[in-house]
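# Examination of the molecular architecture
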Amino acid sequence: MKNILNAQWIKSPRCVKDNEVVFSKKINIKKDIVSASLEVTSLGVYLAKINGERVGDFILAPGWTSYKKRLQVDTYNVTDMLRKDCNVISLGVAPGWKAFTYFGMHSGDSMLGFSEVAALCALTIEYADGEKEIITSGGDWTCENGKTVYSHLYNGYIYNPAFVDICPAQALVFPQNKKNLIDRQGEKIIEQERLSPVEIIRTPSGETVLDFGQNMTGYIEFRIKGNKGEKATISHAEVLDAEGNFYVDNLRSAKAQAVFVCDGKEHVYKSEYNFFGFRYIKLENWSDEVKKENFTAIVIHSDIKRTGYFECSDERVNKLFSNIIWGQKGNFVDVPTDCPQRDERLGWTGDAQVFVKTASYNFDVEKFFIKWLADLRADQTPWGTIPHVIPGVFGPDDNSSAAWADAATICPWQIYQTYANTDILKDSLQSMKKYIEFIEEHSFDGIWCRSWHFGDWLNLDGSSPEDCSKGTDKNLIATAYYIYSSDILAKTMAICGEDNAEVLEKREKSILAFRREYMENGRIKPEFATQTACVLAVHFGISDDIAETAKQLNELVTECGHLKTGFVGTPYLLHALSDNGYNETAYSLLIREEYPSWLFSVKMGATTIWEHWDSVREDGTMWSTSMNSFNHYAYGSVADWLYGDAAGIKLDENRPGFEHVIFAPVTDSRLTYVKASIESRKGEVRSEWKTENGKTTYTFTVPEGVDATVILGGEETKIGAGTTEIVK
Ligand code: BGC
């Protein structure tokens, strides 16, 4: 980023709202060009074109950051797009994330306190004769309303190909601080896959619905002619209801519609500034014959590379794994979001921390998290709290919820673990410290007891399923998370060469307080005893008798026969069991298909991970309309157990980045084979086992430069690079 700093921010001189504004300039080139580059950003999302051709492939550029503090600038090489003579450069800008006037349950000002869209760019041309020309956005640009006459990320768009702004104006220059500009730090969002409809459905209530067979995030490309003036409408939905009708109640206020104003001519069109979470679309005002070949669903997500694979002999578990992958694709759209469909789609910190380990095995998310964590740090308050969502569109908060705000420690630590990235620890150290200090200020005698928390969100311990956050004692959860996060802080300080004695001392005090307050004889006291309470005491190493607490957990699970955990307990539940010899219980939970379980949604036909254990109930009715997403990745965090325990590929905390791998697969007679692989920075790490005639054959593969330890039946074997087979 260089010349853009000399450009001027431009906006429309007219009052515009929720529509595309196109800024353009004619450029006459008379000499031969050696190189040309375009630096561009916008308040809103932009689509840059040169001579009508799209520049780059970044959808919804410049992405979503904490705009007031960090606004990404993209630089494109456009040498081949310019021609001698007349050229037109145009920048279409629509509201995107920046001009939201409401987010989910929150309504208020747009994020920049500036509801109109604006653009900033610089085109740098180097000519063969050595001359350099810099063309920047300014008052000499033209500005007109675009053909996307309405665009809102939740509601969708209206596109009118016949719309022509009859009175284009001069762009208006306005002063705007450029200190927030940064070079693009994250992955760009791009079109990734194209899916054809699998079925055209006529629903019982007479709707015309197309099923793409997969819940996803993206938009439809469609061929349309229609009758002049007809407003052909595509609505988006994730599911059909119990009767088989199109169901959109779970989108809450999000209209999620694409409207095309027909002009009687044939067009092939796809959204330019919007995305939707959907599997089904409903067509209305569609006078053309409905043919499958006229519709394609385009899947978009951040350009993260797939790195992890898992397969086993149980097809239902394989489907679960596929749903987890699709959940990640659907919610890694520049920011790790809770869901991609309803009037929310926010970077909920809790969801991100729950899923970060799985995410980093499935895909290469290093760059993705580097950017998001920079926004987290930017939005952290001076008093240490971390907003519930990042970018922090709810504004600064006096409060931080345990297990949500801990994204500040857990996410950087995981990125360090998976990719051996020590910079992320250095960059996060001060933020971690401030957060831990905030907790200490809100604690009494080692117990974090003076904050408000989400608790074990969506657990089944509450008196009714609608008691989203009741169940496990919130101060117990908070104190456990403090102990966990201060452990991460202490390790981070050690890696950064700082003395961590004080942190460890306070942590130790808190461990003792936890035991005193919530435990007796190695068990969680009866009045606090839930699955999640035991899971945390075991997995965070808080209990003074891990074996006994794990036994208690196993009893709690086997007594009721199923899991009861929510967002907080679920990610560690199977680990806490299988790490302590309760493999059979862990596998029983994994392969159970009655409600509540992971496979219940698979049995009910899910193609992504649901927000609730029973987003759809056995009888086809829905959990509720108030908060029911069918694409919420949090419970997909079980995949880190599939990689790490079922297949047994474990990171060595002291030699991160898979420099040393620990293979410790946990077998079960209900599966005959398991295989998994992770493409690490060092190369592919692979583990397989299969059981035949009472014998299990294990095959482990590690790349050059990596050594591994195999742990089977308590026995440790060192292996080197290449493939090793062990029969037991
Ligand atoms: C989101 C969650 C989030 C939660 C906070 C919900 O509306 O969808 O995933 O973590 O609020 O408890």
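Structure: see above.
In what follows, the accompanying structure is described. Quick caveat: nothing in here was measured; it's all calculated off a predicted structure.

Cut-offs applied
- Residues numbered from 1 in each chain as written.
- Predicted model: local features only at pLDDT ≥ 70, side-chain atom pairs only at ≥ 80, totals over all residues.
- Heavy atoms only, no water.
- Phe/Tyr/Trp six-rings, centres within 6.5 Å; stacked < 30°, edge-to-face > 60°.
- Helix = DSSP H or I, 4+ residues; strand = E, 2+ residues; numbered from the N terminus.
- Buried < 20%, exposed > 50% of the residue type's maximum accessible area, 1.4 Å probe, protein only.
- Lys NZ or Arg CZ within 6 Å of the ring centre and 35° of its normal.
- Pairing = 2+ DSSP bridges.
- Axes fitted to C-alpha atoms, helices over the stretch in contact; angles between N-to-C directions.
- 1 Å grid on protein atoms, 1.4 Å probe; cavity = no way out; pocket = protein on both sides within 12 Å on 5 of 7 lines; lining within 4 Å.
- Points joined across faces, edges and corners; volume = space filled by probe spheres on them.
- Nonpolar A, V, L, I, M, F, W, Y, C, P; charged D, E, K, R; others polar.
- Domains from an automatic or database assignment.
- Expected span 1.5 Å × (residues − 1).
- Polar contact = N/O pair within 3.5 Å; in protein donor to acceptor, adjacent residues only side chain to side chain.
- Contact = heavy atoms within 4.5 Å.
- Near = heavy atom within 4 Å.
- Areas by Shrake-Rupley, 256 points an atom, 1.4 Å probe, with all protein chains shown as cover.

Let's shift gears to the packing of aromatic side chains. Counted according to the given criterion, the structure contains 49 aromatic pairs. Here Tyr 481 and Phe 540 contribute two aromatic rings whose centre-to-centre distance is 5.2 Å and whose plane-to-plane angle is 85°, an arrangement assigned as edge-to-face. A residue pair is termed long-range when its members are at least 10 positions apart, and Tyr 481 in helix α6 (residues 474-495) and Phe 540 in the loop between α8 (531-539) and α9 (546-560) qualify at 59 residues. When sorted by exposure, Tyr 481 lands in the same class as Phe 540, which is buried. Taking the centre distance of 4.9 Å and the plane angle of 85° together, the rings of Tyr 518 and Phe 528 count as edge-to-face. Of this pair, Tyr 518 sits in helix α7 (residues 501-518) while Phe 528 sits in the loop between β34 (523-524) and α8, placing them 10 residues apart in sequence. No difference in accessibility class separates Tyr 518 from Phe 528, as the two residues are buried. By the ring-pair criterion, three or more aromatic residues cluster together here, those being Trp 348, Phe 394, Trp 404, Trp 452, Phe 454, Trp 457, Phe 567, Trp 598, Trp 613 and Tyr 635. For the cation-ring pair, Lys 11 lies above Phe 174, with the distance from its terminal atom to the ring centre recorded as 5.6 Å. Above the plane of the ring of Phe 275 lies Arg 345, whose end atom (NZ or CZ) is 5.1 Å from the centre.

Here strand β28 (residues 308-312) pairs with strand β37 (residues 673-680) via 5 bridges, running antiparallel. If you follow Phe 310 over to β37, its bridge partner there is Ala 676. With 8 bridges joining them, β37 and strand β38 (residues 683-692) adopt antiparallel strand pairing. Paired with Glu 679 across the strands is Glu 684, a residue of β38. Hairpin remark: β37 followed by β38, antiparallel, with 2 residues in the connecting loop.

Strand pairing in a sheet is mediated by backbone hydrogen bonds. Such pairs are either parallel or antiparallel. As summarised here, the arrangement of the 4 strands in space is β35-β36-β40-β41, forming an open sheet in which the pairing is mixed. What marks the edges here is a single partner per strand, and that holds for β35 (649-651) and β41 (715-719). Neighbour-to-neighbour, the strand axes of the sheet open up by a mean angle of 25°, direction not taken into account. Where strand β36 (residues 660-663) lies against strand β40 (residues 707-712), 4 bridges are found, and the strand directions are parallel.

Following Ala 61, the chain continues to Pro 62 via a peptide bond in cis, the omega torsion being 5°. Cis rather than trans, the peptide bond between Tyr 595 and Pro 596 has omega equal to -5°. Within the secondary structure, Pro 596 sits in the loop between α11 (583-591) and α12 (598-603). The backbone of Asn 693 shows a phi angle near 45°, a positive value even though the residue is not glycine.

Tallying each qualifying case throughout the model produces 4 cavities of 30 Å³ or more. Considered as a void within the structure, the largest cavity measures approximately 60 Å³ in volume. If you trace the largest cavity, you find it lined by Leu 320, Ser 597, Trp 598, Ser 601, Ile 609, Trp 610, His 612, Trp 613 and Tyr 635. For the lining of the largest cavity, the class distribution of residues is 6 nonpolar, 3 polar and no charged.

Let us now look at the layout of surface pockets. There is about 780 Å³ of room inside the largest pocket. For the lining of the largest pocket, a count of residues per class yields 14 nonpolar, 6 polar and 10 charged. Approximately 480 Å³ is the volume found for the second largest pocket. If you trace the second largest pocket, you find 26 residues lining it, with Glu 20, Val 22, Lys 49, Lys 147 and Glu 272 closest to the centre. Elements with a minimum of two residues in the lining of the second largest pocket: β2 (21-29), β4 (45-50), β7 (85-94), β12 (142-145) and β25 (267-270). Within the lining of the second largest pocket, the residues separate by chemical class into 11 nonpolar, 6 polar and 9 charged. The residues that make up the lining of the second largest pocket include at least three from each of domain 1 (3-146 + 165-184) and domain 2 (190-302).

Among the 17 residues that make up strand β20 (residues 208-224), 15 are buried, leaving the element largely enclosed by the rest of the structure. Where strand β19 (residues 199-202) meets β20, 4 bridges bridge the pair, whose relative direction is antiparallel. Residue pairing across strands places Ile 200 opposite Leu 210, the latter belonging to β20. Two successive antiparallel strands, β19 and β20, enclose a turn made up of 5 residues, where Gly 206 displays a positive phi of approximately 90°. As judged from the 7 bridges shared by β20 and strand β26 (residues 276-284), these two strands associate in the antiparallel manner. The residue of β26 that forms the bridge with Gly 218 is Phe 276. Pairing of β20 with strand β27 (residues 295-302), which is carried by 5 bridges, proceeds in the antiparallel orientation. Paired with Phe 222 across the bridge in β27 is Phe 295.

Below, the discussion takes up helix α3 (residues 366-379). Between its first and last C-alpha atoms α3 spans 20 Å; for 14 residues at 1.5 Å apiece the expected length is 20 Å, and the two agree. For α3, the tally of buried residues reaches 10 of 14 residues, placing the bulk of the element in the interior. Residues Glu 366, Phe 368, Phe 369, Lys 371, Trp 372, Leu 373, Ala 374, Asp 375, Leu 376 and Asp 379 constitute the buried set of α3.

On to the side chain of Ser 629, then. Within the secondary structure layout, Ser 629 lies in the loop between α12 and α13 (639-646). Separated by 3.1 Å, the side chains of Ser 629 and Gln 341 make a polar contact. Here Asn 631 takes part through its backbone nitrogen, which lies 3.0 Å from a polar atom of the side chain of Ser 629. Contacts of Ser 629, omitting those with residues within four sequence positions, involve Glu 238, Asn 250, Cys 339, Gln 341, Arg 342, Trp 610, Glu 611 and Ser 615.

Next up on the list: the site of the ligand. Close to the ligand lie Asp 338, Arg 342, Glu 344, Trp 348, Asp 351, Trp 404, Phe 454, Trp 457, Phe 567, Glu 611, Met 627 and His 632. Here an oxygen atom of the ligand sits 2.7 Å away from a polar atom, N or O, in the side chain of Asp 338. Contact distances for the ligand include 3.0 Å between an oxygen atom and a side-chain N or O atom of Trp 404. For the ligand, whose unbound accessible area comes to 310 Å², protein coverage reaches 98%. Along the lines of polarity and charge, the residues of the shell around the ligand split into 6 nonpolar, 1 polar and 5 charged.

Take the sheet that holds β4 next. Within the open sheet, the 6 strands sit side by side as β5-β4-β7-β2-β12-β15. Their pairing is antiparallel. With partners counted over all chains shown, the strands left at the sheet margins are β5 (53-54) and β15 (169-170), one partner each. Direction of pairing for β2 relative to β7: antiparallel, over a ladder of 9 bridges. Looking at β7, one finds that Ile 27 is bridged to Asn 87.

These figures come from the coordinates and say nothing about function on their own.
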